[in-house]
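Reading the structure
In case you want the letters, here they are:
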Amino acid sequence: MVYFLSLLALAVGGYGWTHWVEPNWFRLRRQTIRLRKPLREPLTILHLSDFHFSKERFFLRRFFDRLARLEVDLVFVTGDLIDRAGGIEPCVKNLKKLKPKRGIYTVLGNHDYWNYPPFHTLRWLVTRKIIKTPRPEFETARLKQALGE
């Protein structure tokens, strides 16, 4: 019984963390990289990743409002922009707030190509098997088109 209750507490805690805490926990960390051969002028890069947009989210919108005030040269977005098709519009709307001097470059991640069912984390904790289904091709194509615009 103790084993079952411990496993249940771990599953509920893991689900709560992955669905309520971590998705609303954003950080901006500044890091200076020194090169052997310095650039003619400093280059400021904003690297973003793992938004998992599924709908418009207040905390994420507010974070992008803060990011929009930064003066950057380049923005690199490295995957997992959406979790559901409903996240395409808010994702693109928030990325449009950013005004880098030299452009925004995006690479799609696994969540942009695959759907993961609800309770995926709980199933993974128990079975250690990843359960996913291909995202309908038109959703990924719509995301690519919206990002290109």
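Refer to the structure printed above.
Report follows, based on the coordinates.

Parameters at a glance
- Residues numbered from 1 in each chain as written.
- Predicted model: local features only at pLDDT ≥ 70, side-chain atom pairs only at ≥ 80, totals over all residues.
- Heavy atoms only, no water.
- Helix = DSSP H or I, 4+ residues; strand = E, 2+ residues; numbered from the N terminus.
- Buried < 20%, exposed > 50% of the residue type's maximum accessible area, 1.4 Å probe, protein only.
- Contact = heavy atoms within 4.5 Å.
- Lys, Arg positive; Asp, Glu negative; His and termini not counted.
- Charge placed at Lys NZ, Arg CZ, Asp CG, Glu CD.

Some words on the overall build of the protein
Helix and strand content of the protein: 6 helices and 5 strands. Listing the helices and strands of the protein from first to last along the sequence gives α-β-α-β-α-β-α-β-α-β-α. Taking the principal axes of the C-alpha coordinates as reference, the protein spans close to 65 × 35 × 30 Å. Considering the protein as a whole, with its 149 residues, one finds that 30% of them fall into the buried category. Sequence separation of 24 or more characterises 78% of the internal contacts of the protein that already satisfy a separation of 6 or more. Distance between charge centres in the protein, computed from 27 positive and 14 negative side chains, equals 5 Å.

Topic: helix 3 (residues 88–95)
Because an α-helix packs 3.6 residues into every turn, residues spaced three or four apart end up facing the same way. The buried fraction of helix 3 is high, at 6 of 8 residues. Those residues of helix 3 lying buried are Ile 88, Pro 90, Cys 91, Val 92, Asn 94 and Leu 95. On its buried side, helix 3 packs onto strand 1 (45–48), helix 2 (58–68), strand 2 (74–78), strand 3 (104–107) and helix 6 (137–148).

Notes on unusual backbone geometry
Positive phi is not limited to glycine here, since Asp 50 has a value of about 60°. Tracing the backbone through its elements, the reader meets Asp 50 in the loop between strand 1 and helix 2. For Asp 80, which is not glycine, the phi dihedral falls at a positive 55°. Along the polypeptide, Asp 80 turns up in the loop between strand 2 and helix 3. By relative accessible area, which is 8% here, Asp 80 ends up buried.

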